[in-house]
Amino acid sequence: MRIRIVDAFTDRPFSGNPAGVLLLDSFPSDDRLQQVALEVNHSETAFTHRLPPGGEADWALRWFTPATEVAMCGHATLAAAHVLFTTGAHEGPVRFATHSGVLVATPAADGGIVLDFPTAPLTPVAVPDGIAEALGATPHSAFDTGPAVGDLLLDLGDEKTVRGLTPDHRALTRHSARGIIATAPAARADAGYDYVSRCFFPGVGINEDPVTGSAHTALAPYWSDRLGRPVLTGLQASPRSGLVGTEVRGARTLLTGRAVTVVDGELLA
């Protein structure tokens, strides 16, 4: 099987979020997919195969962390679309059939890729007991992001606080179905981004995800409502870092980013 490693939500190698991408004829067993994802050992590996023409989608798509399958992943969808577009396997907008419904990726004129994802519903919740100690900072507010995303979104109010977090990852696993999104507004108006975030998912084998597309389906409506603008740019302030363009369109959120293939090889086992 041909396997590629793609850095997503970046235009430079060795930044953004790396994902494995495999174009298949069909999906093998779940155990086989999980073994490959564990071997790749990035936060996500995307597996996709072409579907018969005439249906609601063009390709089937699944995502696996090193530990489990997930219902939604933005950066690995971007990576898969990048491989399809750059190899000529697909031209024009591609419709992926996924566990989260049909997701569309469209090549942009400037070389980026636009993902059309469902907007995450945000429900205010009480700040959980013990979360400040686990995270290492006291949130101003907390929001449930719904079953598709499954994260707890925490507004820390200050960019410096988000950047300086050193959480207790084991303790964080007690506080959400998937993980924690920590966020704050940009410290400066001229920063080139509108808000910052960091994402911690120890419950699915990822202590900190470099750039998380799915989290931005919750971050986008949160910050668009607070800042009064539908079109924003988010910076995920992980050590690798990456930018995500966001545009809220009611029940759908557009995520825009670039990607770079850094490894192209063959899986021999």
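Scroll up for the structure.
These remarks concern the structure in this document. (Residues numbered from 1 in each chain as written. Predicted model: local features only at pLDDT ≥ 70, side-chain atom pairs only at ≥ 80, totals over all residues. Heavy atoms only, no water.)

Looking now at the side chain of Glu-159. Considering the arrangement of structural elements, one finds Glu-159 in helix H5 (residues 159-163). A residue is classified by how much of its surface remains accessible, and Glu-159, at 7% relative accessible area, is buried. Polar side-chain contacts of Glu-159 include one of 2.7 Å to the side chain of Tyr-193. Each residue touching Glu-159, except ones within four places of it in the same chain, is listed here: Ala-184, Pro-185, Ala-186, Ala-187, Tyr-193 and Val-196. (Helix = DSSP H or I, 4+ residues; strand = E, 2+ residues; numbered from the N terminus. Buried < 20%, exposed > 50% of the residue type's maximum accessible area, 1.4 Å probe, protein only. Polar contact = N/O pair within 3.5 Å; in protein donor to acceptor, adjacent residues only side chain to side chain. Contact = heavy atoms within 4.5 Å.)

It is worth spelling out the pattern of salt bridges at this point. The tally for this structure, following the rule as stated, stands at 15 salt bridges. We note a salt bridge from Arg-252 to Asp-116, for which the minimum N-O separation is 2.7 Å. Remark: Asp-116 occurs in strand E8 (residues 113-118) and Arg-252 occurs in strand E17 (residues 252-257); sequence separation between them is 136 residues. A salt bridge links Arg-163 to Glu-159, with the shortest nitrogen-to-oxygen separation between them at 2.8 Å. Of this pair, Arg-163 and Glu-159 both sit in helix H5, four residues apart, which is roughly one turn of that helix. Exposure remark for Arg-163: the relative accessible area of 41% places this residue in the partly exposed category. Sharing partners across several salt bridges, the network here consists of Arg-2, Arg-4 and Asp-264. (Salt bridge = Lys/Arg side-chain N within 4 Å of Asp/Glu carboxyl O.)

This brings us to the environment of Leu-152. You can see Leu-152 is positioned in strand E11 (residues 151-155). Sequence separation between Leu-152 and Leu-122 is 30 residues, and the spatial gap between their C-alpha atoms is 9.6 Å. Residues in contact with Leu-152, not counting those within four places in the same chain, are Val-125, Pro-128, Ala-142, Phe-143, His-175, Ser-176, Gly-179, Ile-180 and Ile-181.

Moving on: unusual backbone geometry. Within the chain, Phe-9 stands out as a residue other than glycine whose phi angle is a positive 60°. Considering the arrangement of structural elements, one finds Phe-9 in the loop between strand E1 (2-8) and strand E2 (17-24). Even without being glycine, Ser-241 reaches a positive phi, approximately 65°. Among the residues examined, Ser-241 registers a relative accessible area of 25% and is labelled partly exposed.

Our focus in this paragraph is the nonpolar core. Formed by 31 residues in total, the largest nonpolar core has its most connected members in Trp-63, Val-94, Phe-96 and Leu-115. Counting only elements with at least two residues in this core, the list comes to E1, E2, strand E4 (59-64), helix H2 (74-87), strand E6 (94-98), strand E7 (101-107) and E8. Examining the composition of this core, we find that eight residues originate from one element, H2, more than from any other. Core analysis: the next-biggest nonpolar cluster, separate from the first, contains 21 residues, Ala-142, Ala-171, Ile-180 and Val-196 among them. (Core = buried A, V, L, I, M, F, W, Y, C linked by side-chain atoms within 4.5 Å.)

Where empty space is left becomes clear once a probe the size of a water molecule has been rolled over the atoms. One number sums up the size of the largest pocket: a volume of about 250 Å³. Lining the largest pocket are 14 residues; nearest its centre among them are Phe-9, Thr-10, Asp-11, Leu-243 and Arg-258. Where the lining of the largest pocket is concerned, the elements lending two or more residues are strand E16 (242-249) and E17. Broken down by class, the residue content of the lining of the largest pocket amounts to three nonpolar, six polar and five charged. (1 Å grid on protein atoms, 1.4 Å probe; cavity = no way out; pocket = protein on both sides within 12 Å on 5 of 7 lines; lining within 4 Å. Points joined across faces, edges and corners; volume = space filled by probe spheres on them. Nonpolar A, V, L, I, M, F, W, Y, C, P; charged D, E, K, R; others polar.)

Take empty space enclosed by the protein next. Enumeration according to the criterion identifies one cavity of 30 Å³ or more in this entry. Taken as a whole, the largest cavity encloses approximately 70 Å³ of empty space. Along its surface, the largest cavity is lined by 13 residues, and Glu-44, Arg-178, Phe-201, Asp-209 and Thr-212 are the ones closest to its centre. Elements with a contribution of two residues or more to the lining of the largest cavity: H2 and strand E14 (206-209). Tallied by class, residues from the lining of the largest cavity come to five nonpolar, five polar and three charged.

Time to look at helix H1 (residues 30-40). What H1 keeps buried is the set Leu-33, Gln-34, Val-36, Ala-37 and Val-40. Take H1 and look down its axis: the buried residues cluster within an arc of 160°, on one side only. Opposite the buried face of H1, by more than 90 degrees, sit the exposed residues Asp-31, Gln-35, Leu-38 and Glu-39. (Arc of directions from axis to C-beta.)

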